[in-house]
Amino acid sequence: MPRGLETFLSVLVLGVVLGVATPPAAADPLLRDFAVCAGRLSALMEDQWMFDGPASDQTAKDLAAVVSLIDASMPNGAGRQVMAWRIDAKVAQRGLLHQARFAQDPRLAETAAARAEALAATCRAMILS
């Protein structure tokens, strides 16, 4: 077999093996919960900056506490996965907050606000105060 083809096949096999392997962070559901909460609280804090400035101070403290939990429990090599969880949760929470503030249907706005607050409350419950 030509040398270039051997190298190509080796890289291809290695890529498939590494791509299928479970990332180390995926094995820890608590780490995922911390990352999701960091994303949610980050979205809430940004929303509060615009609409409820004083409340953002407490949310910033809660976010810092969750980030410290992530730092304490994150294994080496899990940073990308943790960041992906944070971003996905932040986008979802931001969507709820947007609906809560700007939905034309009052019932939809109330439901979104209640859900956003319930999710944030779940995250706050994880923090020892």
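Owing to the predicted nature of the structure, the values given are computational and were not obtained by experimental measurement.

S.K.: How should I be thinking about a nonpolar patch on the surface in this particular structure?
M.R.: On the surface, W49, M50, F51 and F102 cluster together into a nonpolar patch covering about 500 Å² of accessible area. When residues of the nonpolar patch are assigned to their parent elements, the largest contribution, three residues, is made by helix α2 (residues 29-51). Here W49 falls in the exposed class, since its relative accessible area comes to 53%.

S.K.: What should I look at first to understand the packing of α2 against helix α5 (residues 106-125) in this one?
M.R.: The packing of two helices is summarised by the inter-axis angle and the distance between the axes. Relative orientation of the contacting elements α2 and α5 amounts to 120 degrees, with a least axis distance of 10 Å. Considering their axes alone, α2 and α5 lie oblique with respect to each other. α5 is crossed by α2, and the crossing has left-handed handedness. Note on element contacts: α5 touches α2 through L119, A120, C123 and R124, opposite C37, R40, L41 and L44. The residue inventory of the contact of α2 with α5, partitioned by class, reads six nonpolar, no polar and two charged.

S.K.: Where do I start with the packing of helix α4 (residues 79-102) against α5 in this structure?
M.R.: It is at 7 Å that the axes of α4 and α5 come closest, and there the two elements cross at 140 degrees. Here α4 is positioned oblique relative to α5, judged by the angle of their axes. Note on packing geometry: the crossing formed by α4 with α5 is left-handed. Contacts between α4 and α5 involve Q93, L96, L97, Q99 and A100 from the first element and L108, A109, A112, A113, R115, A116, L119 and A120 from the second.

S.K.: What is the right way to read α2 from this model?
M.R.: Because an α-helix packs 3.6 residues into every turn, residues spaced three or four apart end up facing the same way. Compared with the 33 Å implied by 1.5 Å per residue over 23 residues, the 33 Å span of α2 between its first and last C-alpha is a close match. Capping the start of α2 is the job of one residue whose side-chain oxygen sits 3.1 Å from the backbone nitrogen of L30: D28.

So, how was this worked out
- Residues numbered from 1 in each chain as written.
- Predicted model: local features only at pLDDT ≥ 70, side-chain atom pairs only at ≥ 80, totals over all residues.
- Heavy atoms only, no water.
- Patch = residues over 30% accessible without salt bridge, like charges linked within 9 Å, V, L, I, M, F, W, Y side chains within 5 Å.
- Areas by Shrake-Rupley, 256 points an atom, 1.4 Å probe, with all protein chains shown as cover.
- Salt bridge = Lys/Arg side-chain N within 4 Å of Asp/Glu carboxyl O.
- Helix = DSSP H or I, 4+ residues; strand = E, 2+ residues; numbered from the N terminus.
- Buried < 20%, exposed > 50% of the residue type's maximum accessible area, 1.4 Å probe, protein only.
- Axes fitted to C-alpha atoms, helices over the stretch in contact; angles between N-to-C directions.
- Parallel < 35°, antiparallel > 145°, perpendicular 65-115°, else oblique.
- Left-handed = near helix turned anticlockwise from the far one by under 90°.
- Contact = heavy atoms within 4.5 Å.
- Nonpolar A, V, L, I, M, F, W, Y, C, P; charged D, E, K, R; others polar.
- Expected span 1.5 Å × (residues − 1).
- Polar contact = N/O pair within 3.5 Å; in protein donor to acceptor, adjacent residues only side chain to side chain.

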